[in-house]
Amino acid sequence: SRGIHGRKVANVRRHSVLRLQAWTRGSLARLRLLQFYSARRIQCWVRGVIVRDYVTKLCNATIIVQSCVRGRRIRFAYRQLEATIARLQSMVRGFMTRKLLQRLRVARVTKYRTHMFDLWKRTFTPLTYRTKFWQIIDGSGFLHLTLIENELERLWTDLAIEFPPEKFTNGSKESDSHLSFATGFKEVTNITYRRYIQVELMKKNATLGHVTEKTSLDIFPVFPGEMIPKKMTEEYKIRKGKRKDAADQLAGERSQVYEKLAGYTDKKKIQSIYASF
């Protein structure tokens, strides 16, 4: 009986130890599993933070790159558009300026020619000179305008017309014998045009209070080079002699022209030629 009782006690103790071992092992296993799950959650959270930070930085970098590329494209297109508009504006302004200058040149050349013809008659300019000069200035370009202005300056000098000194935009005065090229074509042309207006006003407002002399062409003297001064100076005598020689030369040329035209039979052409002289 003791053996049976001892075996029962041993079995109970063995089962108790087994249960205690199983419970302990289960607790340890559950603890390790809980620690594993906790560590995995912490790793997932850390990795999520890292990935989200990386994705945020990547998105920001992508946005910056995209904005740089789009901005470069927009700036390039804007510069191209701005250059095209500026080129178009310059073309339109240049066209308008050229058309305006062309009209200005044509108007001034027309006025200058009429004025020059009148001064040629007053200075008894030879017909040969007029013919050769007309072939050179038969146009309305800048070169023709410059040649006509130079011819007007020469005629004004021959008629002893004096002008007040002109002032350029930089404040310097213009010399009587030289026009500075540094002032530009526009200022020199404007000076000549102002002088032309002054001479035309002199012709318009000419008074009869001076002692005058009639020319062979019945042109009323207006300018100082045509009038008789109160005192007969040596300069006037020289100028009067030159004018008389020029008038005689012009009369001889006219006679030669009329003799050559005597053989023409076309009356209309003859009348137009005679009207030109």
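Rules behind the numbers
Residues numbered from 1 in each chain as written. Predicted model: local features only at pLDDT ≥ 70, side-chain atom pairs only at ≥ 80, totals over all residues. Heavy atoms only, no water. Helix = DSSP H or I, 4+ residues; strand = E, 2+ residues; numbered from the N terminus. Expected span 1.5 Å × (residues − 1). Buried < 20%, exposed > 50% of the residue type's maximum accessible area, 1.4 Å probe, protein only. Arc of directions from axis to C-beta. pLDDT = per-residue confidence, 0-100. Contact = heavy atoms within 4.5 Å. Salt bridge = Lys/Arg side-chain N within 4 Å of Asp/Glu carboxyl O. Lys, Arg positive; Asp, Glu negative; His and termini not counted. Core = buried A, V, L, I, M, F, W, Y, C linked by side-chain atoms within 4.5 Å.

**Q** Can you break down helix α3 (residues 142–158) residue by residue, with the values?
**A** Counted at 1.5 Å a residue, the expected span for α3 with its 17 residues is 24 Å, and the 24 Å between its end C-alpha atoms agrees. Turning to α3, its buried residues number three or more, namely Leu145, Ile148, Glu149, Glu151, Leu152, Leu155 and Trp156. Viewed end-on, α3 has its buried residues packed into an arc of 165°, placing them on one side of the element. For α3, the exposed residues set more than 90 degrees away from the buried face come down to Leu143 and Thr157. Backbone geometry just after α3 places Ala160 at a positive phi near 60°.

**Q** Now, about the confidence of the model for the protein chain: what can you tell me, with residues and values included?
**A** Close reading of the predicted structure is inappropriate where its pLDDT is low. Overall, the prediction assigns the protein chain a mean pLDDT of 78, with 75% of residues at 70 or greater. Of all helices and strands in the protein chain, the one with the weakest mean pLDDT is helix α6 (residues 267–276) (65), whereas helix α1 (residues 2–123) scores best (90). Counting contacts from residues 168–185, a segment whose pLDDT is below 50, to residues more than four positions away or on other chains yields 19 contacts. Ignoring residues within four places in sequence, the model shows residues 208–217, a span with pLDDT below 50, making 18 contacts including any to other chains.

**Q** With reference to specific residues and values, describe the environment of Glu200.
**A** Counting through the fold element by element, Glu200 comes out in helix α4 (residues 185–204). Judged by relative accessible area, which is 25%, Glu200 ranks as partly exposed.

**Q** How would you explain unusual backbone geometry if you had to name every residue and give the values?
**A** For Phe124, which is not a glycine, the phi torsion comes out positive at approximately 55°. Mapped onto the elements of the fold, Phe124 is located in the loop between α1 and α2 (127–136). For Phe124, a relative accessible area of 6% puts it in the buried group. In this structure, Ala160 takes a positive phi of about 60° despite not being glycine. Residue Ala160 is classed as partly exposed on the basis of its relative accessible area of 28%.

**Q** Describe α2, listing the residues and the values that go with them.
**A** Those residues of α2 not exposed but buried are Leu127, Arg130 and Phe133. Down the axis of α2, the sector holding all buried residues measures 130°, keeping them to one side. Every exposed residue of α2 that faces more than 90 degrees away from the buried side is listed here: Lys132 and Gln135.

**Q** Report on the pattern of salt bridges, specifying residues and quantitative values.
**A** Under the criterion given, the structure shown has 7 salt bridges. The shortest N-O distance in the salt bridge between Lys57 and Asp53 comes to 3.4 Å. Within this pair, Lys57 and its partner Asp53 are both found in helix α1, separated by 4 residues, close to a single helical turn. Between Asp118 and Arg122 there is a salt bridge, with the nearest N and O atoms lying 3.0 Å from each other. Taken together, the positions of Asp118 and Arg122, both in helix α1 and 4 residues apart, correspond to about one turn of that helix. Salt bridges here are not isolated pairs; linked through shared partners, they connect Asp118, Arg122, Glu200 and Lys203.

**Q** Give me the side chain of Arg105: which residues, what numbers.
**A** Along the chain, the position of Arg105 falls in helix α1. The side chain of Arg105 sits in the buried core without any salt bridge; Glu149 is the nearest counter-charge, 10 Å away. Arg105 has contacts with Ser140, Gly141, Phe142 and Leu145, leaving out every residue within four places of it along the chain.

**Q** Give me the nonpolar core: which residues, what numbers.
**A** Core analysis: the largest hydrophobic core is formed by 20 residues, its most contacted members being Met116 and Trp156. At the level of elements, α1, α3 and α4 are the ones that each hand at least two residues to this core. Once residues lying within four places of it in the same chain are set aside, the contact partners of Trp156 are His115, Leu119, Ile161, Phe163, Thr192, Arg195, Tyr196 and Val199. Grouped together as the second largest cluster of nonpolar side chains are 5 residues, Phe124, Leu127, Ala246 and Ala247 included.

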